[in-house]
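As a plain string of letters, each chain reads:
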Amino acid sequence: MLLAESIFTLEKRSQLIKRRAKELGFLSCGIAKADFLAEEAPRLEKWLKNQYHGQMSYMENHFDLRLDPRLLVEGAKSVISLSYNYYQDLDRNPDGYKIAMYAQGEDYHFVVKEKVRELLHYIQEEIGEVRGRAFADSAPILEHAWAQKAGLGWVGKNSLLISKQKGSFFFLSELIIDLDLAYDNPIETDHCGSCTRCIDACPTAAILPNKTVNGSQCISYFTIELKNEIPDEMQGKFDDWIFGCDVCQEVCPWNRFSLPTQEQKFVAQEQINQFSKQDWEEITEEVFRKVFKKSPVKRTKFSGLKRNIDFVKK
């Protein structure tokens, strides 16, 4: 009787959390047991050894923390994985440069993380004393692995999480808490099958076999992470992308199911997509600060964006 009652309590808690997550606007919510990611350890080690992280030296740090959430939150029992839709139909100027869809609106680090914190506060109010931390690409967490374990989707050949029902245009975030919950079944089936569209379409051949991306060859890496000059051998391969890249998602068949986001903070500023190439090339630092005041594009700074534009226009 006690066991049945305990199982019921775990299920009830999980349902409560998932219902609140939906109310907060999350696309999906899944829960996995906080444990060591044994299968991911050799993959991460090999990826780093192959120097696929390029100049992203921070990827070399906190190896153990990336694999074990219990080192991030003392006494952690559950990892709640959440997805938040950012897809939208963009009306781009055909004579303009391109910015990745995720960076069209306000910075998701702040928007999504605040919602994860709200979920934590709700759990504490409804269930009791629960300790935890909210994450939105803000700590060394292998978010795709956790999302797959929580049943949100599978890791595609482009290394992104893909859902049969929702595609891949969504942000991932996590809530790690010291509370036992009912856990979801991981997605074991790879629904990419024999499709190689993302591999074939990648402008810089950054997508390798075995669901591996050479980050140091990705357009997003060159236009956001790289602080030095972009290598000359990449000339002519950027397809007008000046901040990030969506090519592997645009060609993915599963994204035909993507629906426009309801989050107004992620809706694109119309002027960004109506800029001509000349407008971009003549952009001033004052305009940059005004247009990208709350945008992820601020990360590359005015000098970085100008570098990208100058490289692509050659």
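The following refers to the structure shown. All values reported here derive from a predicted model rather than from experimental measurement.

What counts and how
Residues numbered from 1 in each chain as written. Predicted model: local features only at pLDDT ≥ 70, side-chain atom pairs only at ≥ 80, totals over all residues. Heavy atoms only, no water. Helix = DSSP H or I, 4+ residues; strand = E, 2+ residues; numbered from the N terminus. Rg over C-alpha atoms; globule rule 2.2 N^0.38 Å. Buried < 20%, exposed > 50% of the residue type's maximum accessible area, 1.4 Å probe, protein only. Contact = heavy atoms within 4.5 Å. Areas by Shrake-Rupley, 256 points an atom, 1.4 Å probe, with all protein chains shown as cover. Lys, Arg positive; Asp, Glu negative; His and termini not counted. Charge placed at Lys NZ, Arg CZ, Asp CG, Glu CD. Pairing = 2+ DSSP bridges. Axes fitted to C-alpha atoms, helices over the stretch in contact; angles between N-to-C directions. Arc of directions from axis to C-beta. Salt bridge = Lys/Arg side-chain N within 4 Å of Asp/Glu carboxyl O. Core = buried A, V, L, I, M, F, W, Y, C linked by side-chain atoms within 4.5 Å. Polar contact = N/O pair within 3.5 Å; in protein donor to acceptor, adjacent residues only side chain to side chain.

A closer look at the overall build of the chain
When helices and strands are tallied, the chain shows 12 helices and 10 strands. Taken over the C-alpha trace, the chain has a radius of gyration of 20 Å; the compact-globule value for 314 residues is 20 Å, and the two agree within 12%. Over its C-alpha atoms, taken along the principal directions, the chain stretches across nearly 70 × 40 × 35 Å. In the chain, buried positions account for 49% of the 314 residues. Put simply, 77% of the contacts in the chain that link residues at least 6 apart link residues at least 24 apart. Total accessible area on the chain is roughly 16100 Å²; 48% of this is exposed by carbon and sulfur atoms. Placing the 42 positive and 46 negative side-chain charges of the chain at their respective mean positions leaves the two points 1 Å apart.

Brief notes about the environment of E39
Checked against the element boundaries, E39 lands in the loop between β1 (28-33) and α2 (40-49). Linking E39 and A145, residues 106 residues apart in sequence, is a C-alpha distance of 9.6 Å.

What to know about unusual backbone geometry
You will see that Q51, though not glycine, has its phi angle at about 65°, which is positive. The topology assignment puts Q51 in the loop between α2 and α3 (63-67). By relative accessible area, which is 46% here, Q51 ends up partly exposed. Backbone geometry places K301, a non-glycine residue, at a positive phi of 65°. Take K301: it is sitting in helix α12 (residues 301-313).

Structural notes on the sheet that holds strand β7 (residues 170-177)
Taken in spatial order, the four strands of this open sheet run β1-β2-β7-β4, and their pairing is antiparallel. With partners counted over all chains shown, the strands left at the sheet margins are β1 and β4 (132-135), one partner each. Each adjacent strand pair in this sheet contributes to an overall mean axis angle of 20°, direction not counted. In this structure, β1 lies alongside strand β2 (residues 78-85), joined through six bridges in antiparallel fashion. Residue pairing in the sheet places I31 in a bridge with I80 of β2. The strands touched by helix α4 (residues 108-126) are β2, β4 and β7; relative to β7, the strand with the most contacts, the crossing angle is about 35°.

Regarding α2
All of the buried residues in α2 are E40, A41, L44, W47 and L48. Each buried residue of α2 lies within a common arc of 135° when the element is viewed along its axis, so the set occupies one face. Turned more than 90 degrees from where α2 packs its buried face, E45, K46 and K49 sit exposed. On its buried face, α2 sits against α3, α5 (143-149) and β9 (212-213). Downstream of α2 by a residue or two, Q51 has a phi angle that is positive, lying close to 65°.

Focus on the pattern of salt bridges
Taken as a whole and assessed by the stated rule, the structure comprises 17 salt bridges. Here R70 and D35 are joined by a salt bridge, their closest N and O atoms 3.5 Å apart. Here D35 lies in the loop between β1 and α2 and R70 lies in the loop between α3 and β2, a separation of 35 residues in the sequence. A single salt-bridge network, built from bridges that share partners, covers D35, D68 and R70.

Thoughts on the nonpolar core
In terms of nonpolar packing, the biggest core is built from 35 residues, with I99, F238, I242, W280, F292, V297 and L305 touching the most fellow members. Elements with a minimum of two residues in this core: α2, α7 (219-225), β10 (241-243), α11 (285-291) and α12. The element best represented in this core is α12, accounting for five residues. The next biggest cluster of nonpolar side chains, apart from the first, holds 29 residues, and it includes L82, Y108, L179 and F266.

A word on the side chain of S81
You can see S81 is positioned in strand β2. Given the relative accessible area of 1%, S81 is considered buried. From its side chain, S81 meets the backbone oxygen of W146 in a polar contact 3.5 Å long. For S81, the contacting residues outside a window of four places in its chain are S28, C29, G30, W146, A147, A150, L152, S173 and E174.

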